[in-house]
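Structural characterization, general
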Amino acid sequence: MADNPTPQEQPTAEAASPQPPESPPARWGERLQWIIEYRAFVLLGLALTYAVLFVPFFATERNITQMTTQFSIDGIISIGLTILMIAWGIDLGVGATLALAGVVFALSQDLGVPAAALLGILAGAGVGIVNGFVVTRMKVNFFIATLSTMVAVKGLTFIISDETTIYGHAEGFGWMGSAKLGLFEFPALAFFGIGIIAHLIMTQTSLGTYWYAIGGNSDASHRAGLNVKRLFALSFVVAGLCSGIAGVLLASRAVSANPGVGRDTALFAISATVIGGTSLFGGVGNVLGAVAGVMFLGVVRNSLNLLGVSAYWQWVIQGVILVSVVVSDVYMNRRRRTA
Amino acid sequence: MESNYIVEMKGISKRFGSVQALNQVDLELREGEILGLVGDNAAGKSTLMKILSGAHVADGGQILINGEEVSIRDPRDARSCGIEMIYQDLALCNNLDVARNIFLGREYTRGLPFLSILDKKKMYAESAELLKRLNINISSPRLKVERMSGGQRQMVAAAKAIAFDARILLMDEPTAALGVREANTLLRLIKDLRDGGHSVILITQRVPDILAIGDRVMVLKGGRRQGILNVSEVGLDDVVELIVRGRAGAESGEDALEYLSFG
């Protein structure tokens, strides 16, 4: 610590020390900050406008139904990741968890679809419990921890599925993936429903406040008496739970569980979450933004498909979008730190 | 037993490895006074306060609250004794608003037992009232802390500490990072708290602050108590003399000790 060497020198040192900024930041800065915070809605609006006007077949009933179902399954994972990332964690293994949940669901279908679905979802939550335990109790960095469990979960999924796709034969196996209400199929309804529930938890309950608190300043949260470890572990369980739900929905939709699915899931889900305004540095983010981020990426992906852009170019475009969003997040984080 | 002391620390010692940070230190805090705790870097001020607030556990010595011996082994113990430490690095969540910071971990809730719904209306109303009562110039408890100046953050931290009946406030260099005007506002708040019946220990490098608002000032040097002085009876030079030269005057042995220890 480089404090004042002698008390006599203090008055001069005090006068020389820079004053904290008392005036609010400039107007353009505030406006920019607002745009960056709600960027997902702006981007979604732009993408929708472009797609409706210029992309053939985009605004057809069939396409809307298909597109919403497609982005909703990954979108549910985005919602769980949003909560986890607000608490300053991340789960790189959501895709593996998704595959495991689907396989568990298909393997246990003879117990009846509801019980099997529950088992699949619980398998996802179980992976979250393991992640939470490894990160908070064994103090392993969460990147390493979730990367390791991802590999283990992948292996386990191939073992229990005997490396083959398991087809759904039980009565009602495919119902969840294909039931339809108006324009939307069940996965889309589940996505919007889970989004609303998660939004209410994050904004209206003490639990949500605690997740923001531990992501913002875990020391301060600890001093305020919060059980930081348990709350952090619980956020991993939420991410696992959401991956489990997504896995069951995906298997139901395909009427089969493939142990190899989910390779691009983490990239999509994390991108959507960050586009939605959730910071990689914890404490900042919101569920509604993530929902908009999912829809934005979904519209872009769908439009590129309809326009016949090759899958490789789609990767390039997704990568560029992700990089620009991460850059803006780093910029925002620096502003927050110096504010 | 002297019952007009709200806090008594007796013979507190603390060693970090080979460094004796505190050596048989006594401290007495009277009810409703501001006690300044001053000393050079590494004098042991922060260590002593961390022991009282439960962040460190002393190797030896006693702590008495209202004449009764207590065991303070973690921050929760300290809080149950009515002791609240306001840290130099603040302990606020910058990403939360003022009310959520004040009530963090002690929210008003209603509804479901397994998922408690925040009673935001009550929290905002009580926070606004608290800010008003303490004359804290923050326009709304809905403002996020990250948008605030250093002085405003210090005041939110103080409000958070006293919102739940802390009678004993420990403040670690609250004015260190503040400009002159903000520092003065904060000092006035500390004085108001004292007048409202709170007892305050104020660690500071700025001796004039303590002479302006304090009742007594205690000097630490090299992990030992050098003296405790009544502010009304001393001037800046007396305190500075004690900080720099110690009780025994300038002895080379004490200077050497100072560089070995840290606070």
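Source: prediction; values computed, not measured. (Residues numbered from 1 in each chain as written. Chains lettered and ligands numbered in written order. Predicted model: local features only at pLDDT ≥ 70, side-chain atom pairs only at ≥ 80, totals over all residues.)

A closer look at the domain arrangement of chain B
Residue and element names in this part refer to chain B. The domain architecture assigned to chain B consists of domain 1 (5-82 + 167-260) and domain 2 (93-160). A C-alpha centroid distance of 29 Å is found between domain 1 and domain 2. Every contact between the two is made by eight residues of domain 1 and, on the other side, nine residues of domain 2. (Domains from an automatic or database assignment. Contact = placed C-beta atoms within 7 Å.)

A word on unusual backbone geometry
Residue and element names in this part refer to chain A. Backbone geometry places Phe57, a non-glycine residue, at a positive phi of 70 degrees. Positionally, Phe57 belongs in the loop between α3 (39-54) and α4 (61-86). The class for Phe57 is exposed, based on 9 C-beta atoms found within 10 Å. Although it is not a glycine, Asp162 adopts a positive phi angle of roughly 60 degrees. On the basis of neighbour count, Asp162 is assigned to the exposed category, with 10 C-beta atoms found within 10 Å. (Helix = DSSP H or I, 4+ residues; strand = E, 2+ residues; numbered from the N terminus. Buried ≥ 20, exposed ≤ 12 C-beta atoms within 10 Å, placed from the backbone.)

A short note on the sheet that holds strand β11 (residues 216-221) of chain B
Whether parallel or antiparallel, the strands of a sheet pair through hydrogen bonds between backbone atoms. Residues and elements named next belong to chain B. If you walk across this open sheet you meet the six strands as β6-β9-β10-β3-β11-β12, and the pairing is mixed. In this open sheet, the two edge strands, each paired with only one partner strand, are β6 (83-86) and β12 (224-230). Neighbour to neighbour, the strand axes of the sheet diverge by 20 degrees on average, direction disregarded. With four bridges connecting them, strand β3 (residues 34-38) and strand β10 (residues 199-203) associate as parallel partners. Within β10, the position partnered with Leu35 by the bridge is Ile201. (Pairing = 2+ DSSP bridges. Axes fitted to C-alpha atoms, helices over the stretch in contact; angles between N-to-C directions.)

Digging into helix α5 (residues 94-107) of chain A
Here α5(A) is 14 residues long and its end C-alpha atoms lie 20 Å apart, about the 20 Å a rise of 1.5 Å per residue gives. The buried count for α5(A) comes to 13 of 14 residues, which makes it a mostly enclosed element. (Expected span 1.5 Å × (residues − 1).)

Details of the sheet that holds strand β1 (residues 5-16) of chain B
Residue and element names in this part refer to chain B. In spatial order, the strands read β2-β1-β4-β5; together these four strands make up an open sheet with antiparallel pairing. Sheet topology places β2 (19-30) and β5 (68-70) at the edges, where each strand pairs with a single neighbour. Going across the sheet, the axis of each strand differs from the next one's by a mean of 25 degrees, ignoring polarity. Relative to β5, strand β4 (residues 60-65) runs antiparallel, the two being bridged by three bridges. The partner of Leu64 across the bridge, within β5, is Glu69.

Here's the deal with the environment of A:Cys242
Residue and element names in this part refer to chain A. Looking at the secondary structure, you find Cys242 in helix α12 (residues 228-254). For Cys242, a count of 31 C-beta atoms within 10 Å gives the class buried. Residues Cys242 and Phe184, 58 residues apart in the sequence, show an inter-C-alpha distance of 20 Å. When near neighbours in sequence (up to four residues on either side) are disregarded, Cys242 contacts Ile76, Ile77, Ile79 and Gly80.

Things to note about the nonpolar core
A:Ile76, A:Phe296 and B:Leu52 are the most contacted members of the largest nonpolar core, which totals 169 residues. Looking at this core, the element that brings in the most residues is α12(A), giving 17 residues. A domain split of this core shows at least three residues from each of domain 1 (5-82 + 167-260) and domain 2 (93-160) of chain B. Sequence-distant contacts of A:Ile76, that is, excluding residues within four places in its chain, are made with A:Ala190, A:Phe191, A:Ile194, A:Cys242, A:Ile245 and A:Ala246. (Core = buried A, V, L, I, M, F, W, Y, C linked by C-beta atoms within 7 Å.)

Some details on the packing of helix α6 (residues 113-136) of chain A against helix α7 (residues 142-161) of chain A
All names here are of chain A. α7 packs onto α6 with a crossing angle of 140 degrees between their chain directions and a minimal axis gap of 9 Å. As α6 packs across α7, the resulting crossing turns out to be right-handed. Residue-level contacts link Val127, Val130, Asn131, Val134 and Val135 of α6 to Phe142, Ala145, Thr146, Thr149 and Val153 of α7. For the contact of α6 with α7, the residue count by class is seven nonpolar, three polar and no charged. (Left-handed = near helix turned anticlockwise from the far one by under 90°. Nonpolar A, V, L, I, M, F, W, Y, C, P; charged D, E, K, R; others polar.)

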